[in-house]
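# Examination of the molecular architecture
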Amino acid sequence: MRATLGETADRTPANLRRAAPATAITRPAARSIRDVADSAPQGDQSGPARPGILMGRAFGIPIYVSQTWFIVAIIITVMFEPQVGQHVQRPLSYLVALAYALLLYASVLLHEIGHSVVARAFGLPVRAITLHILGGVSEIEQEPHTPGREFLVAVAGPLLSLALGAGGYAALLLVPMPDVAVLLVQALTIANLLVGVFNLLPGLPLDGGRLVRAAVWKFTGRQRTATVAAGWAGRVVAVAVLVAGAALSATGGADRWLTVIWAALVASFIWVGAGEAIRVARIREHIPLLNARALARRAVQVPHDTPLAEAVRRAQEAGAGAIVVVGRDDDPVGIVSETAVIATPEHRRPWIDAASLTRALDPGMVLPADITGEELVAAINRAPASEYLLVEPTGELYGVLTAEDVTKSFARA
Ligand SMILES: [Zn+2]
């Protein structure tokens, strides 16, 4: 059975790529450390969207195991069993092979706990650790504030893996064990050493890429530059993995094609992760340039009992991109949902009040027209909605900001 290899990736890019307006910028600073087992390199990128089954907590951090993991555990068991079978009889051999699968993932879990505990020590909240088909993900909610901390959070996982590998090696040398135990400890030792070494390859999205980022950040003082540099290093690592796989397969062997395919999958995973890291760095660079006023749509105000058709007509006449419903005292009470208007067939619009397609205004949906940058992103995070009312300091309505327009401005960046 091949050992577990690890790899880390940012969660943020996936969120941004999906570009649902609210989620796109819901957690601009959220990131995860993702580690990958090579046993199933085809990739489950869905991550925390469905965290799986809660197995317990370590240091207060909930630990989830994705349902896909159980399939992989069975595959690992079946593939490892023939080796075990040379030392113990069936069906006991299956039990030992299953123990290997469980210990393999326990190793990945310890690697993740390494990242998470250090992150927490620096006050960075850790939402969860999830073990899934590819390995593990630590959901750390904030970026470390200094390159030194970034370095320590990133290095903790691989160090723990290498320590486990070293411990296994020492046990093999020093502790007398039955053959089957030797086999098990050998396999786990190799797995942990590979996880440690592989994760230290110097490019994003691997842990080693975070170390590169920390170093460049330290020397340039510029976090974004560091991310882009580490992302490009990741692309170099991806190509190197591909070349190494091809070179390895050229030496022959029965599973040479397996080597090539596996290398290609790992390389593409790193390539994609590196590209996403670069993309997110560019997007985050764009945040300070965000300007609510510049992105605002002109809005018409209509009384709450105005038929939708009439409200749309007035908006078109005024060249407005949004409709605000006002109450009896002319105060805005809600914003008509553009999505709901589009979903309403034209022949029905005269018979529906604009107010019925209106999302009532929460306090969080009213923003100052002058809001910009990180402040704007934070405001959208606090109250995710599809539309926001922009008001002047005088209380006068300036216009409507849609989350979609904000997301589009990111896409142009
Ligand atoms: Zn890691």
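Residues numbered from 1 in each chain as written. Predicted model: local features only at pLDDT ≥ 70, side-chain atom pairs only at ≥ 80, totals over all residues.

### Concerning the environment of Leu376
Quick note on the threshold: Helix and strand labels come from DSSP, where a helix needs a run of H or I of at least four residues and a strand needs a run of E of at least two; each type is numbered from the N terminus. Residues are defined as contacting one another if the C-beta atoms placed from their backbone atoms lie within 7 Å.
By the element assignment, Leu376 lies in helix 13 (residues 373-382). Linking Leu376 and Ala292, residues 84 residues apart in sequence, is a C-alpha distance of 7.4 Å. Excluding its chain neighbours within four sequence positions, the residues that come into contact with Leu376 are Leu290, Ala292 and Ile371.

### Examining the sheet that holds strand 11 (residues 387-391)
Definition in use: Two strands qualify as a pair provided DSSP detects at least 2 bridges between them. Only the stretch in contact is used when fitting a helix axis, every axis being a line fitted to C-alpha atoms; angles between N-to-C directions are given from 0 to 180 degrees.
The strand order 10-11-12 describes an open sheet built from 3 strands, whose pairing is mixed. The outermost strands of the open sheet, each flanked by one partner alone, are strand 10 (366-368) and strand 12 (397-402). With direction set aside, neighbouring strand axes in the sheet form an average angle of 35 degrees. Taken together, the 3 bridges between strand 10 and strand 11 define a ladder with parallel strand orientation. In the sheet register, Pro368 faces strand 11, and the bridge partner there is Val391.

### Quick look at the pairing of strand 11
Heads up, the rule is: Neighbour counting defines burial: a residue surrounded by 20 or more other C-beta atoms within 10 Å of its own C-beta is buried, one with 12 or fewer is exposed, and intermediate counts give partly exposed, using backbone-placed C-beta atoms. A crossover gets the label right-handed when its path from the first strand over the helix to the second runs clockwise, viewed with the strands pointing away from the viewer.
In terms of burial, strand 11 is largely enclosed, as 4 of its 5 residues are buried. In this region the chain leaves strand 10, passes through helix 13 and returns to the parallel neighbour strand 11; the handedness of that crossover is right-handed. As judged from the 5 bridges shared by strand 11 and strand 12, these two strands associate in the antiparallel manner. Bridging from a neighbouring strand, Glu387 pairs with Thr402 of strand 12. Between strand 11 and strand 12, which pair antiparallel one after the other, the connecting turn spans 5 residues, and Gly395 there sits at a positive phi close to 95 degrees.

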